[in-house]
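# Structure at a glance
In case you want the letters, here they are:
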Amino acid sequence: MDGNDAEDVEGANGAALSTLASEIEAAERVVALTGAGVSVPSGIPPFRGESSDDGPDPVWETHDPADFHRRRFDADPEGFWTDRLALRETLYGDGVEPNAAHEALATLESRGRLDTLLTQNVDGLHAAAGSESVVELHGTSARVVCDRCGSTGPADPVFERVRDGERPPTCDCGGVLKPDVVLFGEALPDEAFDRAQTAARRCDVFLAVGSSLAVRPAALLPEIAADSGATLAVVNLDETEYSGRADYDLRADATAALPALVAALDG
Ligand code: ZN
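Residues numbered from 1 in each chain as written. Predicted model: local features only at pLDDT ≥ 70, side-chain atom pairs only at ≥ 80, totals over all residues. Heavy atoms only, no water.

### Observations concerning the nonpolar core
Leu 20, Leu 207, Leu 258 and Leu 261 are the most contacted members of the largest nonpolar core, which has 30 residues in total. Looking at this core, the elements with two or more residues in it are helix 2 (12–26), strand 1 (30–34), helix 7 (100–110), strand 7 (205–209), strand 8 (231–236), strand 9 (248–251) and helix 12 (254–266). If you tally residues by element for this core, the top one is helix 12, at six residues. When residues no more than four places from it in sequence are discounted, the contact partners of Leu 207 are Leu 20, Val 31, Ala 32, Leu 33, Ala 233, Val 235, Leu 258 and Leu 261. By size, the runner-up hydrophobic cluster in this structure holds 24 residues, among which are Ala 192, Phe 206, Leu 213 and Val 234. (Core = buried A, V, L, I, M, F, W, Y, C linked by side-chain atoms within 4.5 Å. Buried < 20%, exposed > 50% of the residue type's maximum accessible area, 1.4 Å probe, protein only. Helix = DSSP H or I, 4+ residues; strand = E, 2+ residues; numbered from the N terminus. Contact = heavy atoms within 4.5 Å.)

Structural data, given as structure tokens:
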């Protein structure tokens, strides 16, 4: 995000990036997994972690996770939506845009170098950057889903209705609308996780970006890939659960490392 990160990429990580680029060129299938570290440079605060002087507080330091639990949605949908509106403002403010890491991943896909993009993020920025083969493991806050009939629609107009006082917002069928994300107390959608597992098992290179790889079940995916013989590359500012095991362990900001990787593929 700043000059130091770019220097890191060109220095200690530079040689590793060009070798990784060669592996990606030779690979039949490449899969990427992204976490909060890819969203933070767009101005979205991380959900977990330590408070720091130079960044926003983690979301769960300023909002109570219990307010966003499935039980709360069922018991008090009006209060849930009031808190959800406040959470949305904390997360996205007046709007957020994809950053250089999102753009680089979209570029990799459009050049045929990335088959599937798995993400733990719910901000919808990969799709906004133009990535098409995206598996949103925890759903997306860009959409709402009717809790009764299952129909889905864009979230923005629904949040407008909530702002205007419709709490909870309801579907034409009378059901309560829900953000199309996995709430605490809800299971990950089977279909998304099945697709993710299959992609991890079949890939030759697994690139994990901006995730501590500590939160299950997404944390299982690098292991599935590595056990199936894939090269494991990790790009993260800090040490991860897989740092000891990864073939490439790049301590770098994703907005510096991924554009550098794309540039290395050109060379
Ligand atoms: Zn409905």
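### Some remarks on the pattern of salt bridges
Pairs can form between side chains of opposite charge whenever their charged atoms are close. A full pass over the atoms with the stated rule returns 15 salt bridges. Its salt-bridge partner being Arg 72, residue Asp 83 comes within 2.7 Å of it at the nearest N-O pair. Pair noted here: Asp 83 is in helix 6 (residues 77–92) and Arg 72 is in helix 5 (residues 70–75), with a separation of 11 residues, a long-range link. Relative accessible area serves as the criterion here: at 22%, Asp 83 is assigned to the partly exposed category. Between Arg 88 and Asp 156 there is a salt bridge; the shortest N-O distance is 2.4 Å. In this pair, Arg 88 is assigned in helix 6 and Asp 156 in helix 9 (residues 155–163), connecting sequence segments 68 residues apart. One continuous salt-bridge network, built from bridges that share partners, spans Arg 70, Asp 74, Asp 147, Lys 178 and Glu 186. (Salt bridge = Lys/Arg side-chain N within 4 Å of Asp/Glu carboxyl O.)

### Overview of the packing of helix 7 against helix 12
For the pair helix 7 and helix 12, the least separation of the axes is 7 Å and the interaxial angle reads 30 degrees. One finds that helix 7 runs roughly parallel with respect to helix 12. The hand of the helix 7/helix 12 crossing is left-handed. Of the residues in helix 12, those in contact with Ala 100, Ala 101, Ala 104, Leu 105, Thr 107 and Leu 108 of helix 7 are Ala 254, Thr 255, Leu 258, Pro 259, Val 262 and Leu 265. Its residues assigned to classes, the contact of helix 7 with helix 12 comprises 10 nonpolar, two polar and no charged. (Axes fitted to C-alpha atoms, helices over the stretch in contact; angles between N-to-C directions. Parallel < 35°, antiparallel > 145°, perpendicular 65-115°, else oblique. Left-handed = near helix turned anticlockwise from the far one by under 90°. Nonpolar A, V, L, I, M, F, W, Y, C, P; charged D, E, K, R; others polar.)

### Regarding the pairing of strand 2 (residues 116–119)
On a regular strand, one side chain projects to one face of the sheet and the next to the other, so that they alternate. Neither face of strand 2 is left uncovered, since the one carrying Thr 116 and Leu 118 and the one carrying Leu 117 and Thr 119 both have all their residues buried. As paired strands, strand 1 and strand 2 are joined by four bridges and run parallel to one another. Bridged to Ala 32 within strand 2 is Leu 117. Both strand 2 and strand 3 (residues 134–136) contribute to a ladder of three bridges, which runs parallel. Note that in strand 3 the partner of Leu 118 across the bridge is Val 135. (Pairing = 2+ DSSP bridges.)

### With respect to the sheet that holds strand 5 (residues 152–154)
In a beta sheet, neighbouring strands are held together by backbone hydrogen bonds and run either parallel or antiparallel to one another. Read across the open sheet, the three strands follow the order 5-4-6; overall the sheet is antiparallel. If you trace the sheet from one side to the other, it starts and ends with strand 5 and strand 6 (177–181), each paired once. When strand polarity is set aside, the average angle formed by the axes of neighbouring strands in this sheet is 40 degrees. Pairing between strand 4 (residues 139–146) and strand 6: four bridges, direction antiparallel. For Val 144, the partnering residue across the bridge sits in strand 6 and is Pro 179. Those strands touched by helix 6 are strand 4 and strand 6, and its axis lies near 35 degrees from that of strand 6.

### Brief notes about the packing of aromatic side chains
Applying the stated criterion to the full structure yields seven aromatic pairs. With a centroid separation of 5.8 Å and an interplanar angle of 40 degrees, the aromatic rings of Trp 60 and Phe 68 are classed as tilted. By relative accessible area, which is 19% here, Trp 60 ends up buried. With relative accessibility at 3%, the residue Phe 68 sits in the buried group. Consider the rings of Phe 73 and Phe 80, whose centres lie 5.2 Å apart with planes at 85 degrees: the pair is edge-to-face. Grouping residues by exposure puts Phe 73 and Phe 80 together as buried. Members of the aromatic cluster, connected to one another through ring pairs, are Phe 47, Trp 60, Phe 68, Phe 73, Phe 80, Trp 81, Phe 159 and Phe 184. The positively charged end of Arg 88 is found above the aromatic ring belonging to Phe 159, 4.0 Å away from the centroid. (Phe/Tyr/Trp six-rings, centres within 6.5 Å; stacked < 30°, edge-to-face > 60°. Lys NZ or Arg CZ within 6 Å of the ring centre and 35° of its normal.)

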